[in-house]
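Inside the fold
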Amino acid sequence: MQRNEKAEDSTLGEARRTAAAGAVRDKPWIFRTYAGHSTAAASNALYRTNLSKGQTGLSVAFDLPTQTGYDSDHALAKGEVGKVGVPICHLGDMRALFDGIPLGEMNTSMTINATAAWLLALYIALADEQNAPRGKLQGTTQNDIIKEYLSRGTYVFPPAPSLRLTKDVILFTTKEMPKWNPINVCSYHLQEAGATPVQEIAFALATAVGVLDAVRASSQCAEKEFGDVVGRISFFVNAGLRFVTEICKMRAFTELWDEITRERYGVRDPKQRLFRYGVQVNSLGLTEQQPENNVARILLEMLAVTLSKGARARAVQLPAWNEALGLPRPWDQQWSLRMQQILAYETDLLDHDDIFDGSPAIATKVAELKAAAREELDHIEALGGTVAAVESGYLKHQLVESNSRRVEAIERGEQTVVGVNRFIETEPSPLAQAAGAVLTVTAEAEAEQIARLNAWRESRDARAVAAALEALRKAAKSGGNIMPPSIACAKAGVTTGEWGTALRAAFGEFRAPTGVGTAMRNDAEGLDEIRAEVDRVSKRLGRRLKLLVGKPGLDGHSNGAEQIAARARDAGMDVVYDGIRLTADAIAAAARDQNVHVVGLSILSGSHLPLVREVMARLKDNGAAGVPVVVGGIIPPQDARALKDAGVVEVYTPKDFALNRIMADLVRIVDDAVDRGK
C-alpha cells in the first residue's frame with residue numbers, strides 16, 4: 001500500500017510539473033554516435049546495434065584514404081585502411097555499409113569534405129537502388145573544405161576548385177534533395193586546433209559567407225531560390241568545458257547568423273535564417289591520465305549545447321570516455337548514448353522555455369563575443385575573404401598561436417586539467433586497465449578490403465567505367481555541375497581512387513601553409529635553460545641542432561606536430577617541418593638532404609607501427625640510419641614497446657603534455673648520439 005501511494009504521489013508530482021511548464025515538451029535532438037571502422041560490413045553491424053539501442057541518426061566516419069580520394073590499395077593508403085573510419089571504395093562498399101538500413105527513413109550525417117560530392121553520389125546511387133525518393137533523403141554532408149586547410153588536413157585540391165565542388169553539391173541538393181543539408185560549416189575542428197570562442201565564431205561564419213557568396217556569384221541560383229539555399233546551410237560546432245562561455249558562444253552564433261542572413265543576403269523568412277547546428281563535444285580535452293574523468297567532461301560539455309532552448313543543438317554526438325586511448329568499443333559508445341537519453345528523457349530540460357533569457361551575465365558575455373567576432377569578420381573581409389585568408393596563411397597562423405598559448409597555460413598550471421597538471425594522485429583505473437579497453441583494427445582487414453576491391457574491378461563493365469569517367473572529366477573542365485556525372489560514375493562502378501584521380505588531373509593538388517613561422521618567439525617562457533643546452537650541443541655539433549618533424553601517411557591532425565615544431569624553434573633549434581601527408585621516402589630524403597640530427601614523427605591515425613617501420617627502413621636506405629627517431633601519437637603501451645624494439649628512441653602520447661620536457665629530451669638524445677659517434 002505504501003509503495004502504491006508513493007508511486008501515485010510521484011505521478012501526480014510529475015503531472016503538476018508538466019502543467020506548470022505550460023508548454024508542450026520539446027522533441028529531443030537527434031542522438032548520434034560517430035562510428036565506422038575496419039570494413040563496411042563491420043560498421044554496418046555497429047550501426048544496426050546502435051540504432052537498436054535508441055540512436056536516432058547515423059554519423060559515418062570514413063577512413064583517411066576515402067577522405068582523401070584514394071583506393072585502399074594505393075601506396076599512400078598502406079597502414080591507414082579502416083583505422084579511423086570505414087573504407088568506401090565503390091558502390092558495393094556503400095551497399096554493405098547500409099545493408100538492411102532503409103535510406104528513405106534514416107537521417108545520415110557523413111563526415112566527408114574533399115570527396116563529399118563522391119560519397120554523396122554513392123549514397124544517392126544506393127538510394128536510387130532502394131527506390132527511396134531523393135526528395136525524402138535526410139542527412140548532412142560535412143563538405144566544409146575551408147577548415148580542412150586549417151585543422152583536419154584531409155583537403156586534396158586548391159581552395160578555389162574545392163569551393164566549386166561545395167557549390168555544386170549545394171545547388172544540386174537544393175533542387176533535388178530539399179531535406180538534405182549540403183554543408184556542415186564546421187567549427188568543431190577549429191576548436192580542436194586551438195581556436196578561441198571568438199575565432200571559432202568568426203572563422204566559421206566567414207566560411208559560410210564565402211560559400212554563400214560563391215553560390216550567389218555563380219549565377220546558377222535564381223534569386224527567389226537563394227533563401228532555400230541559405231535555409232539548408234547547417235553548422236557543426238564544438239563545446240568545451242568553459243561551459244557558461246560555450247552557452248554564450250552558441251547564443252552569439254545564433255544571433256550573428258540571423259543578422260548576416262538578413263542584412264547581407266536579404267533573407268526575409270525567419271525559418272531560413274535559423275542557425276541549425278549539430279555538435280560533437282570537445283575531444284581535445286579528453287585525457288589519457290585518469291580517463292574516467294572524461295565522463296564528467298563529456299556530460300558538462302553536452303549541457304552547454306542543450307540547456308539554452310533558443311540555441312539548442314539539432315543533433316548531438318558524444319565521444320567516448322576512452323578516445324584518448326584508442327578506438328572506443330560498442331559498450332563505450334553505448335555509455336555516451338545513454339548520457340544523451342538520460343538528459344532528454346529523465347530530466348525536465350525539454351519542458352521549459354529558454355532558462356537564460358533575461359540573464360544580465362549571459363547577455364553581457366554574448367554581446368562581448370559578438371563584438372569581437374564582428375571585428376575578426378571585418379578583418380577577414382579586408383583580407384579578401386576566407387579563401388584569401390587561407391591562402392595567405394593568416395587563419396592557420398592564428399590557430400597555431402592560439403593553441404600555443406593554450407598549451408603553455410596548461411604547462412605553467414595557469415589552466416587546470418584535473419589529473420594532468422593538478423590532482424594527479426590516483427588509484428589504478430579498472431576501466432583503462434581492463435583487457436581490450438579499446439578496439440583494435442586487425443591487419444587482415446586491409447588485405448580483405450583490397451581483395452574485395454580487386455574483385456569489384458574485375459566484375460564491372462570496363463567500357464561503362466571509361467565512359468563515365470570521361471563525362472566526369474568534361475564536367476570538371478567545363479564548369480558543369482559535378483554531381484550528375486559523379487552519380488553516373490557511382491552506378492557504373494567507378495572507384496573512389498578513380499574519381500579522385502580524374503579530379504586531381506583537372507584541378508591539381510595543394511599544400512596548405514603550416515602556420516609555423518621561422519621567427520623565434522621572445523615571449524615563450526621557461527626556455528632559458530633549454531636554449532642554453534641547445535647552444536652547448538650545437539657547439540659540439542659544429543652547427544645548429546636541427547630537428548625534422550614529419551607526418552607520414554594520410555593523417556592530417558597536425559596540432560601536435562605544429563606545437564613541437566614551434567616550441568623547438570623557440571628553444572633555438574633549426575626546424576624542418578613541411579606539413580602533412582608525407583611519404584616515407586620524402587621524410588628520409590629530407591633527413592639526408594637537410595642533414596638533421598633527430599627526426600620526430602607524429603601519427604594520430606593508429607597507423608604508427610607500419611608507418612614508423614617504413615620510415616626507419618627508408619632512413620637506412622638513404623644513409624641516415626644513425627639519426628635518432630622519436631614518435632608521438634595515440635599509442636598503446638604494447639605498441640610503444642614494439643616501436644622501441646624497432647629502434648625508436650622515445651615514444652610520446654597525450655599524457656606527455658609538457659613540451660619543454662620533450663625539448664630537453666631531444667637535446668639529450670642528440671647529445672647522446674654525439675657521444676656514441678665518437
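A brief report on the enclosed structure follows. Keep in mind that this is a model prediction, so the values were computed, not measured.

Glancing now at the nonpolar core. By size, the foremost hydrophobic cluster in this structure holds 169 residues, and its most contacted members are Met94, Phe98 and Phe235. Once residues lying within four places of it in the same chain are set aside, the contact partners of Met94 are Ile88, Leu119, Leu122, Tyr123 and Leu126. Core analysis: the second largest hydrophobic core is formed by 27 residues, Ala584, Val596, Val629 and Val631 among them.

This paragraph deals with the pattern of salt bridges. One pass over the full model with this rule turns up 54 salt bridges. Residues Lys370 and Glu255 are paired through a salt bridge, measuring 2.7 Å at the closest nitrogen-oxygen approach. Taken as a pair, Lys370 in helix H14 (residues 360-383) and Glu255 in helix H11 (residues 243-263) lie far apart in primary sequence, 115 residues in all. Assessed through its relative accessible area of 14%, Lys370 is described here as buried. Residue Arg661 pairs with Asp656 through a salt bridge whose shortest N-O separation is 2.9 Å. Salt bridges linked by common partners bring Lys644, Glu650, Lys655, Asp656, Arg661, Asp665, Arg668 and Asp672 together as one network.

A word on the environment of Ala313. Looking at the element boundaries, Ala313 is found in the loop between helix H12 (293-304) and strand S10 (315-317). Residues Ala313 and Val279, 34 residues apart in the sequence, show an inter-C-alpha distance of 6.6 Å. Aside from chain neighbours lying at most four places away, what touches Ala313 is Trp29, Tyr277, Val279 and Val305.

Taken in spatial order, the five strands line up as S1-S10-S9-S8-S7 in an open sheet, and their pairing is parallel. Of all the strands in the sheet, the pair left with one neighbour each is strand S1 (30-32) and strand S7 (183-186). For this sheet, the mean angle separating the axes of adjacent strands, direction not counted, is 25 degrees. Direction of pairing for strand S9 (residues 277-280) relative to S10: parallel, over a ladder of three bridges. By the bridge assignment for S10, Val279 is matched with Val316. Sheet strands touched by helix H9 (residues 197-217): S7 and strand S8 (233-237). Its angle to S8, the strand with the most contacts, is close to 155 degrees.

Let's shift gears to H12. With twelve residues, H12 should cover 16 Å at 1.5 Å per step; its first-to-last C-alpha distance of 18 Å lies within 8% of that length. For H12, the set of buried residues is Asn294, Val295, Arg297, Ile298, Glu301, Met302, Leu303 and Ala304. Contact partners of the buried residues in H12: H11 and helix H13 (330-346).

Each regular strand shows side chains that alternate between the opposite faces of the sheet. Pairing of strand S4 (residues 107-111) with strand S5 (residues 138-141), which is carried by four bridges, proceeds in the parallel orientation. Paired with Ser109 across the two strands is Thr140, which belongs to S5. Handedness of the crossover is the feature at issue here: the chain leaves S4, passes through helix H5 (residues 116-129), returns alongside S5, and the resulting connection is right-handed. The pairing of S5 with strand S6 (residues 180-181) spans two bridges and is parallel. Bridge pairing in S6 places Thr140 opposite Asn181.

What follows is about unusual backbone geometry. Even without glycine at this site, Phe423 takes up a positive phi of about 55 degrees. Its place among the elements puts Phe423 in the loop between helix H16 (394-412) and helix H17 (430-433). Non-glycine residue Asn595 carries a positive phi angle of around 55 degrees. Relative to the assigned elements, Asn595 resides in the loop between helix H24 (584-593) and strand S13 (598-602). The exposure class assigned to Asn595 is partly exposed, which follows from its relative accessible area of 45%.

We now examine the side chain of Lys53. By the element assignment, Lys53 lies in the loop between helix H2 (40-52) and strand S3 (58-61). This buried residue, Lys53, is left without a salt bridge; Asp332 holds the nearest opposite charge, at 10 Å. One polar contact links Lys53 to Gln334, side chain to side chain, over a distance of 3.0 Å. If near-sequence neighbours (up to four positions away) are discounted, Lys53 is found in contact with Pro330, Gln334, Leu337, Arg338 and Gln341.

Read across the open sheet, the five strands follow the order S2-S3-S4-S5-S6; overall the sheet is parallel. Of all the strands in the sheet, just strand S2 (34-35) and S6 have a single pairing partner and so form its edges. As judged from the four bridges shared by S3 and S4, these two strands associate in the parallel manner. In the strand pairing of S4, Ala61 is matched with Thr111. Docked against the sheet, H2 engages S2 and S3, running at close to 155 degrees with respect to S3.

With five of five residues buried, S8 is to be regarded as a mostly interior element. A two-sided burial pattern is seen for S8, the buried positions comprising Ile233, Phe235 and Val237 on one face and Ser234 and Phe236 on the other. Examined bridge by bridge, S7 and S8 share four bridges and lie parallel to one another. Considered in S8, the bridge of Cys186 is made with Phe236. Sheet analysis places S8 next to S9, joined by three bridges and oriented parallel. In the sheet register, Phe236 faces S9, and the bridge partner there is Gly278. Where the polypeptide runs from S8 across H11 and back to S9, its parallel neighbour, the crossover connection is right-handed.

The rules we used
Residues numbered from 1 in each chain as written. Predicted model: local features only at pLDDT ≥ 70, side-chain atom pairs only at ≥ 80, totals over all residues. Heavy atoms only, no water. Core = buried A, V, L, I, M, F, W, Y, C linked by side-chain atoms within 4.5 Å. Buried < 20%, exposed > 50% of the residue type's maximum accessible area, 1.4 Å probe, protein only. Contact = heavy atoms within 4.5 Å. Salt bridge = Lys/Arg side-chain N within 4 Å of Asp/Glu carboxyl O. Helix = DSSP H or I, 4+ residues; strand = E, 2+ residues; numbered from the N terminus. Pairing = 2+ DSSP bridges. Axes fitted to C-alpha atoms, helices over the stretch in contact; angles between N-to-C directions. Expected span 1.5 Å × (residues − 1). Right-handed = clockwise from strand over helix to strand, strands pointing away. Lys, Arg positive; Asp, Glu negative; His and termini not counted. Polar contact = N/O pair within 3.5 Å; in protein donor to acceptor, adjacent residues only side chain to side chain.

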